[in-house]
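Observations on chain architecture
In case you want the letters, here they are:
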Amino acid sequence: GESANGHLNDNVSFDDYLRPFPQGRDSMFVMTSATQFPQAAQATRLGSVVRGLPSEGAEACPKKGADGWTDWWFAPDHPHLHGGDMLQFYHSYISLDKNEGDALTLCFAQGARFAVSRARIQQRPRSYYSRLLALLAKDVNPQEGFWMEAAWYDVFHPEALQSET
């Protein structure tokens, strides 16, 4: 893969998501973005939005640290900035804990590019996913759908919630 392949990260191809997970892991998330709830401030790795950027590699993203990210997602018309309560959504539907109002930063695989094993999915009960689906199915393009993109890692890793780190 390369930056021109939509949301695929440099040196990560679609085939990488189909291979067995390395080192006994049961999921693969290539984190290319970060967002902060409730401000909706989001940063995206430059290689995801700028064509021709030199390859970063598949293991670390971005290798150049803060210089490898952009504030492209701070635009006032970004969907994360409109309607609803991001923190309440996260605590009510993702982490299932009390919303204390503390800011929360989530790293995520932009474009929801990830792979998880059946066992990883089944760590949560079906009712958890049914409740999320009912919320997201209320509209063709619900605001919460944008927030889900940032929350998928925590959906599938309840034992390692980013809100607890």
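Residues numbered from 1 in each chain as written. Predicted model: local features only at pLDDT ≥ 70, side-chain atom pairs only at ≥ 80, totals over all residues. Heavy atoms only, no water.

1. Things to note about the overall build of the chain
Here is the rule we go by: The secondary structure listing takes helices from DSSP runs of H or I that are at least 4 residues long and strands from runs of E that are at least 2 residues long, numbered from the N terminus. Note on classification: 1.4 Å probe, protein chains only; a residue is buried when its accessible area is under 20% of the maximum for its type, exposed when over 50%, partly exposed between these limits. We call two residues in contact when some of their heavy atoms are within 4.5 Å. Note on areas: these come from Shrake-Rupley sampling with a 1.4 Å probe, and a residue is covered only by the protein chains present in the view.
Within the chain, the regular secondary structure consists of five helices and six strands. By the burial criterion, 39% of the 165 residues in the chain qualify as buried. Pairs at least 24 residues apart make up 70% of the contacts formed inside the chain by residues separated by at least 6 positions. Approximately 9100 Å² of the chain is accessible, and the part contributed by carbon and sulfur atoms is 54%.

2. Thoughts on the environment of Gln143
The topology assignment puts Gln143 in helix H5 (residues 143-156). Spatially, the C-alpha atom of Gln143 lies 9.7 Å from that of Asp85, the residues being 58 residues apart in sequence.

3. Remarks on the packing of aromatic side chains
Applicable threshold: Only Phe, Tyr and Trp rings are paired, with Trp represented by its six-membered ring, and only when their centres lie within 6.5 Å; those with planes under 30 degrees apart are stacked, over 60 edge-to-face, the remainder tilted. In this scheme, the term charge over a ring applies when either NZ of a lysine or CZ of an arginine sits within 6 Å of the ring centre and within 35 degrees of the ring normal.
Inspection of the entire model under this criterion finds 10 aromatic pairs. Ring centres of Phe114 and Phe156 lie 5.6 Å apart, and the angle between their planes is 50 degrees; on these two criteria the pair is classed as tilted. Taken together, the residues Phe114 in strand E6 (residues 114-116) and Phe156 in helix H5 connect sequence positions 42 residues apart. For the pair Tyr128 and Tyr129, a centre-to-centre distance of 5.4 Å together with 90 degrees between the ring planes defines the contact as edge-to-face. Tyr128 sits in the buried class, given a relative accessible area of 6%. Counting every residue linked through ring pairs, the aromatic cluster contains Phe29, Phe114, Tyr128, Tyr129, Trp152, Tyr153 and Phe156. Above the ring of Tyr128, the side-chain terminus of Arg124 is found at 4.0 Å from the ring centroid. Stacked on the ring of Tyr93, the Lys or Arg Arg131 has its end atom at 4.2 Å from the ring centre.

4. Here's the deal with the pairing of strand E2 (residues 33-37)
Quick reminder of the rule: Pairing between two strands requires that DSSP report at least two bridges joining them.
Most of E2 is tucked away, with four of its five residues classed as buried. Looking at chain direction, E2 and strand E5 (residues 104-108) are connected through five bridges and run antiparallel. Within E5, the position partnered with Thr35 by the bridge is Leu106.

5. Regarding the packing of helix H4 (residues 126-136) against H5
Note the following rule: All axes here are fitted lines through C-alpha atoms, helices being fitted over the stretch that makes contact, and every angle between N-to-C directions spans 0 to 180 degrees. Our angle categories are set so that under 35 degrees counts as roughly parallel, over 145 as roughly antiparallel, 65 to 115 as roughly perpendicular, and the remainder as oblique. Residue classes follow a fixed rule: Ala, Val, Leu, Ile, Met, Phe, Trp, Tyr, Cys and Pro count as nonpolar, while Asp, Glu, Lys and Arg count as charged, and any other residue, Gly among them, counts as polar.
The N-to-C vectors of H4 and H5 enclose an angle of 170 degrees; their axes lie 12 Å apart at closest approach. Here H5 runs roughly antiparallel to H4, going by the angle between their axes. Each of Tyr128, Tyr129, Leu132, Leu135 and Leu136 in H4 lies in contact with H5, whose residues at this interface are Glu144, Gly145, Met148, Val155 and Phe156. Of the residues that constitute the contact of H4 with H5, the class distribution is eight nonpolar, one polar and one charged.

6. Quick notes on the pattern of salt bridges
To be explicit about the condition: A pair is scored as a salt bridge if a Lys or Arg side-chain nitrogen falls within 4 Å of a carboxyl oxygen belonging to Asp or Glu.
A full pass over the atoms with the stated rule returns three salt bridges. Of the charged contacts in the structure, one is a salt bridge between Asp26 and Arg120, with a shortest N-O distance of 3.1 Å. With Asp26 in the segment before strand E1 (27-29) and Arg120 in helix H3 (residues 118-121), this pair connects stretches of sequence that are 94 residues apart. The class for Arg120 is buried, based on a relative accessible area of 8%. As a salt-bridge pair, Glu159 and Arg120 come within 3.0 Å of each other at their nearest N and O atoms.

7. A look at H4
Two residues of an α-helix separated by three or four positions point the same way, owing to the 3.6 residues in each turn. As a reminder of what qualifies: Starting at the helix axis, one direction is taken to each C-beta atom, and the arc is that of these directions.
Inspection of H4 places Tyr128, Leu132 and Leu135 among the buried residues, and these make up the whole buried set. Here the buried residues of H4 occupy an arc of 60 degrees about the axis, which is enough to place them on one side. Opposite the packed face of H4, turned more than 90 degrees from it, sit the exposed residues Arg126, Ser127, Leu133 and Ala134. Summarising the contacts, the buried residues of H4 are in contact with helix H2 (86-94) and H5.

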